[in-house]
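Listed here are the chains, written in short residue letters.
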Amino acid sequence: MELRCSHCESPIERQAKGYKRKSLLTLIDLKSAEKLFPGLNPREAFLCFSCVRQVYQKTKKNGKRRVFVDPNPASCAAPSTRPASSIPGEPPPLKKLKKRLKTQMNEHDYATRDMEPGSCRPPPARRLRRGPVSGFLRRRNFSSALNRLLQESGFREALIKVCGKIISNEMVNDLEGPFRKPFSPENLSAFSWDQTTSWAEGKAPLTVACLRSMFPPAKKIQKLTVNYSPGNKPRRMTEEEVKQMLERRICLLLSVPLYTSSLRSCFLQTAFSVEMLRHRCPVTIFSVTNSLGLSMSKTTARIHVRKLAEEHERTVKRWRDEIQTTRGTQYCSEDSKKAAAYTFSWGKVRVPSVSRSESTERGYSFVTWAFRFAHQARVNFRNLHGPPIKAVEVSPYSILPTKETYESLRQRMKTLVMRIIADNLTALKGPRGRVERHIPHKYSSLMKEQSTTVSLGAVIPNLTEESVSVAFGLKDFIPEVSGTPHHILCCGDVLSSERKEQSNKTQNNETPKQNPELKFDGLVEAPPEFQKEHLLHEDMIKMLLSEKSENARGTLHHIVSLFHFKTFNNTAKDYFLNIWDFITASAQMDWLRDLALRLVDLVWMPPSQEDINMAAAAAEQSDGEKRNIFPFCYCREEKPGERLVRCCSNLCPRIWFHESCVQTRTLSDQDRFCGPDCGSDGTYAYCQCKERRGGQMVQCGLMERCRKHEWYHRACLTDAQQSNNQHTPWFCSSSCSTGGGGEEDFLLNYSKAVLWEGLNHLARRDAIQEGDGDAMTDFWRTDMVLLGSRKHLQLFNSSHQLITGIEGFYPERIRQDMKWNRVLNLQGTSGGNVSLDLLTELMINEFKGGIEFGKGSFTSQQVEQSAQLAGDQAKHLDRLFFTGGNPLNLSSCLHRLTNTSSSSSSSYSSSSSSSSSSKRAADVSRFVDEFKKDELFSFKPGRKHPGFEKFIYPQRVRNPKKMGRSVRSLSEELDRRRDKIL
């Protein structure tokens, strides 16, 4: 049926969306429709566009719709005193008609009852003038009324005066607002821009509305490009960043008049002046900003910094007093847990001083300062009490790693590989949510809590003192219980050969020498986790990075060039953030668990357990003993001619036993177990599952020379392996089938070494981020073997002291503190923990950057102020004054180091996390497309990389007997120095 116009009956054209027509009541109101089209039903009438143009010609706009204006209104009868018009019904002159049309009409002015002939409505001159405003007010349309009044002369000036009075009275009685709060650590951490803006909108809505209207719309600001850090590409601001920027600027504009009217409303001005003092701004900048009302004077800023330092000292002394006042209940679990536990850390910085060198050569003299921090512990072990034992009484088998230690590492690697697979394969959206993101332990809930860190300022260590606590100025912060120092963990570099050194000459002859027999006197030294980790990174770079392999596909040097990783050198500590990103990217490549285990087994290269047992057996002998070392069996005696059998438990610590010493036999004659414990643990030394499942077993054709597991459960074989099982002999892998003659694929060895080192890095980092004390201790055991083989003796000694202390050399409380309280979490998120020494390094890193950038000298006052503002204060100040977050500050570095799936509250963290995740996903996809044809993990004998012609990853322990003797001598040294250590 063809649609037609309700008035002219012309056909209506159909368009892509509907018809080309207009509803009558959308153009004019009901009474105007009845006058213009008396024969139509207005509610069902539709007009074509020709009729719509006629409606526009006969009507006038009033509000959202148009109204009919009669061009020939009925004339009024003349008054009796005046002669009537000669022509009845003559329309008024044109001038009067224009004046009538110019007057704004009410929507229903035309709809009054029909005027009778001879009747006339008196001309409402004043009503026409004020009628629209009163109508707007009656309908509570105040905006239209105000716009109408603004057309009157003099109203704008009156409105400005009234608004000025309202604004001046809105914030007069501001006694409890955020701008009047004193500048303290608690108020600084609690300050929020959006909460301050919400408070201002409730307190002074007109003022905030006026300030908001002065800024351009948010969508226009969002189109602007920003660049928060050098080297990154400019980008557009997010909606959240625009909101934060506007809130900051509105609050700043509000704070200036409040600060001008009352000096007590100075929170933002104080924070800004402290921030400028932190960045060493000259006094002229303070004078300019103070005259503009943006900051305090430099002297006032120094006073506030001093107050912050005094507040920090009071906090630590309050922790100390809580421990001392609970000395009567020291070993009562319920009461002693109420007392605070804390740790110390410090980092040393070589600072150029103002005094010039006395030598003829120009240059600055350098002074070594120690930046000190105190950290409140999240797990309190004051209820524990257990006597220590001698170090030589600690079993070497508990110091060195066991099969169980490496099995826990294998399971953690499996979980990490599952995460990588689920995150990078788009087909695994279902299993992705079921992958374990955080490996739980008994203190997981406490390790998610945010840590409390305070700065204790900077001192010049006086290493001529008798104790470390006095040398670093920490004696007053160590509690005493029953007249003896209460041991507190500390982490920092104690040994130093120079107290003051010059840049252009060696140490001054007048410099006092340090005391070689320093006592810790209430402090217990914790090992440097960060230093150990990056020393291993340096070893990896030296071993696997070669300039000769730049053009060899699949080498680290080629990957660096291909994916444009940020530059780093062999000194990994100087560029540790870039190193961590690079190693993480290099490692990223109920079936998902099996697949993850197969990938881990592909690169599984732990040190030989026989070598570790040899070292442990050597450590059990004192210097006077000269008997032969036999690392196997319970008897530890070599029995010539007697056959050795292998225990089939995968967790057996000694592996091989004399047949006569084996106590039990289970399952079958082929499966032998050394004792009831191994027979009931459920593990199996063969197959990739490492589980005792039973069923038919299949042996690889290379038998004892198999490159993997030798024996396999038939149920654990894949379909391809099942089909190959029809052949005789059967080989478990291509490396066994093609490498039976002893040939090597050096390219495969290199690829497996890269992945093995990367997975070790990820697993170690995951244990630290979760705060898993047991796993971190196990990593010190496994790394102790590497440190000894690679001759890193200082860290080898530190690892021995840590593990020996945890196994009994330390008292029970210190053992648990050493295991669980060596990490901190300033972000308050799951997986957000970092080690003590790394956090200290990050907190003083900004000051080090200022030294390198400034190229100038520092006074003692400037160094102390920088130390007092390091840590939490610096983090909160950066949060206040950086819209997108300072990419070089503590929070950004922590987020980059602990970038996991956990969400972050800050917009900068969320935006940077999403961008880095998308970039990493793109890099992984590109890596697969680039190297999938190279078969980097397939066994092909004879392949090699330039620069790594005969590469074999060193799995064997170098001289295990010597390592065992070193362990024994270190234990004897600990017993000799017990009084100085504890």
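What counts and what doesn't
Residues numbered from 1 in each chain as written. Predicted model: local features only at pLDDT ≥ 70, side-chain atom pairs only at ≥ 80, totals over all residues. Heavy atoms only, no water. Salt bridge = Lys/Arg side-chain N within 4 Å of Asp/Glu carboxyl O. Buried < 20%, exposed > 50% of the residue type's maximum accessible area, 1.4 Å probe, protein only. Pairing = 2+ DSSP bridges. Helix = DSSP H or I, 4+ residues; strand = E, 2+ residues; numbered from the N terminus. Phe/Tyr/Trp six-rings, centres within 6.5 Å; stacked < 30°, edge-to-face > 60°. Lys NZ or Arg CZ within 6 Å of the ring centre and 35° of its normal. Contact = heavy atoms within 4.5 Å. Core = buried A, V, L, I, M, F, W, Y, C linked by side-chain atoms within 4.5 Å. Axes fitted to C-alpha atoms, helices over the stretch in contact; angles between N-to-C directions. Left-handed = near helix turned anticlockwise from the far one by under 90°. Nonpolar A, V, L, I, M, F, W, Y, C, P; charged D, E, K, R; others polar. Polar contact = N/O pair within 3.5 Å; in protein donor to acceptor, adjacent residues only side chain to side chain. Patch = residues over 30% accessible without salt bridge, like charges linked within 9 Å, V, L, I, M, F, W, Y side chains within 5 Å. Areas by Shrake-Rupley, 256 points an atom, 1.4 Å probe, with all protein chains shown as cover. Lys, Arg positive; Asp, Glu negative; His and termini not counted. Charge placed at Lys NZ, Arg CZ, Asp CG, Glu CD. Expected span 1.5 Å × (residues − 1). pLDDT = per-residue confidence, 0-100. Disulfide = S-S within 2.5 Å. Parallel < 35°, antiparallel > 145°, perpendicular 65-115°, else oblique.

K.L.:
Whenever I open this one, the pattern of salt bridges confuses me. Can you help?
P.N.:
Oppositely charged side chains can form a pair if their charged atoms are brought close together. Here the structure, examined in full by the defined rule, presents 31 salt bridges. Put simply, Arg 320 and Asp 321 hold a salt bridge, and the shortest N to O gap is 3.1 Å. Accessibility expressed as a relative area gives 17% for Arg 320, which makes it buried. On the basis of relative accessibility, which here comes to 33%, the residue Asp 321 falls in the partly exposed class. Beyond isolated ion pairs, a larger network of salt bridges with shared partners links Glu 529, Lys 532, Arg 764, Asp 783 and Arg 822.

K.L.:
Mind showing me how you'd approach the pairing of strand 4 (residues 65–68) here?
P.N.:
Where a strand is regular, its side chains alternate between the two sheet faces. Where strand 3 (residues 59–62) lies against strand 4, 4 bridges are found, and the strand directions are antiparallel. Looking across to strand 4, one finds that Lys 61 is bridged to Arg 66. Counting the residues in the hairpin turn of strand 3 and strand 4 gives 2 residues, including Gly 63, whose phi is positive at 80°.

K.L.:
Explain unusual backbone geometry to me, please; I cannot follow it from the model alone.
P.N.:
Apart from glycine, the bulk of residues carry a negative phi angle, and the bulk of peptide bonds sit in the trans form. Backbone geometry places Lys 690, a non-glycine residue, at a positive phi of 55°. Mapped onto the fold, Lys 690 is located in the loop between helix 27 (676–680) and strand 19 (697–699). The phi torsion at Lys 791 lies on the positive side, around 65°, for a residue other than glycine. In this structure, Lys 791 sits in the loop between helix 31 (773–789) and helix 32 (793–809).

K.L.:
Before we go on, may I ask you to explain the packing of aromatic side chains in this structure?
P.N.:
Each aromatic ring pair is characterised by the separation of its centres together with the angle its planes make. Scanning the entire structure with this criterion turns up 17 aromatic pairs. Relative to Phe 344, the ring of Tyr 342 lies with its centre 5.5 Å away and its plane at 80°, an arrangement referred to as edge-to-face. There is no split in this pair, since Tyr 342 and Phe 344 are both buried. Summarising the aromatic geometry, the rings of Tyr 443 and Trp 820 are spaced 4.9 Å apart at their centres and angled 80° between planes, so their arrangement reads as edge-to-face. Across the pair, Trp 820 and Tyr 443 agree in class, each one buried. Connected via pairs of aromatic rings, a cluster forms that spans Phe 183, Phe 191, Trp 193 and Phe 267. A cation over an aromatic ring shows up here: Lys 532 above the ring of Trp 780, its NZ or CZ 4.1 Å from the ring centre.

K.L.:
Sorry if this is basic, but what is going on with the side chain of Arg 320 here?
P.N.:
Along the chain, Arg 320 falls in helix 15 (residues 298–325). Residues within four places of Arg 320 in sequence aside, it is in contact with Tyr 342, Asp 476, Phe 477, Ile 478 and Pro 479.

K.L.:
Even after reading the chapter, I still don't get the nonpolar core, so can you show me in this structure?
P.N.:
Across soluble globular proteins, nonpolar side chains have a tendency to be buried as a group. Core analysis: the biggest nonpolar cluster contains 103 residues, and Phe 371, Leu 544, Met 818, Leu 839 and Val 863 have the highest contact counts within it. In terms of residue count, helix 30 (residues 746–770) provides more of this core than any other element does, 10 residues in total. Of all hydrophobic cores here, the second largest spans 28 residues; its members include Met 171, Ile 250, Cys 281 and Phe 286.

K.L.:
For this particular structure, what's the right way to read the packing of helix 32 against helix 39 (residues 960–976)?
P.N.:
Between two packed helices, what matters for the description is the angle formed by their axes and the separation of those axes. Contact pair helix 32 / helix 39: the axes reach a minimum separation of 10 Å and the direction vectors enclose 65°. Helix-helix and strand crossings are classified by hand; for helix 32 and helix 39 the assignment is right-handed. Judged by residue contacts, Phe 796, Asn 797, His 800, Gln 801, Thr 804 and Phe 809 of helix 32 engage Met 963, Ser 966, Val 967, Leu 970, Ser 971, Leu 974 and Asp 975 from helix 39. Grouping the constituent residues of the contact of helix 32 with helix 39 by class yields 6 nonpolar, 6 polar and 1 charged.

K.L.:
Could you clarify how one ought to interpret the environment of Ser 255 in this entry?
P.N.:
With respect to the secondary-structure elements, Ser 255 resides in helix 12 (residues 239–261). Each C-alpha atom, one on Ser 255 and one on Gly 293, is 8.6 Å from the other, the two residues being 38 residues apart in sequence. One polar contact links the side chain of Ser 255 to the main-chain carbonyl oxygen of Leu 252, over a distance of 2.7 Å.

K.L.:
In this structure, what is going on with a positive patch on the surface? I would like to understand it.
P.N.:
On the surface, Lys 791, Arg 958, Lys 961, Lys 962 and Arg 965 cluster together into a patch of positive charge. Judged by relative accessible area, Lys 791 falls into the exposed class, the value being 59%.

K.L.:
How should helix 13 (residues 267–278) be read in this particular structure?
P.N.:
Structurally, the α-helix is built with 3.6 residues per turn, so residues lying three or four positions apart point the same way. When the terminal C-alpha atoms of helix 13 are compared, their 16 Å separation across 12 residues agrees well with the 16 Å that a helix rising 1.5 Å per residue should span. Of all 12 residues in helix 13, 11 are buried, a share of seventy percent or more. Of all the positions in helix 13, only Phe 267, Leu 268, Gln 269, Thr 270, Ala 271, Ser 273, Val 274, Glu 275, Met 276, Leu 277 and Arg 278 are classed as buried. With its phi angle positive at about 60°, Arg 280 sits one or two positions after the end of helix 13.

K.L.:
Looking at this structure, I do not really get the confidence of the model for the chain. What am I missing?
P.N.:
A low pLDDT score tells you not to read the predicted coordinates there in detail. This prediction gives the chain a mean pLDDT of 78; 78% of its residues lie at or above 70. Of the regions scoring below 50 in pLDDT, residues 125–130 engages in 4 contacts with residues more than four places distant in sequence or in other chains. Between residues 496–512, whose pLDDT stays under 50, and residues either more than four places distant or in other chains, the model counts 34 contacts.

K.L.:
Help me out: how do you make sense of the state of the cysteines in this one?
P.N.:
Defined simply, a disulfide is a covalent bond joining two cysteines at their sulfur atoms. For the structure on display, the rule yields 0 disulfides. In this model Cys 210 remains outside any disulfide bridge; the closest cysteine sulfur is found in Cys 163, 6.7 Å from its own. Not part of a disulfide, Cys 716 finds its nearest cysteine sulfur in Cys 687, a span of 3.8 Å.

K.L.:
What is the right way to look at the packing of helix 22 (residues 529–544) against helix 31 in this model?
P.N.:
Taken N-terminus to C-terminus, the directions of helix 22 and helix 31 make an angle of 45°; their axes are 12 Å apart at the nearest point. By the angle between their axes, helix 22 is oblique relative to helix 31. You can see that helix 22 and helix 31 cross each other, and the crossing is left-handed. For the pair helix 22 and helix 31, the contacting residues are Glu 529, Lys 532, Leu 535 and Leu 536 in the first and Met 776, Phe 779, Trp 780, Asp 783 and Leu 787 in the second. The residue makeup of the contact of helix 22 with helix 31, split by class, is 6 nonpolar, no polar and 3 charged.

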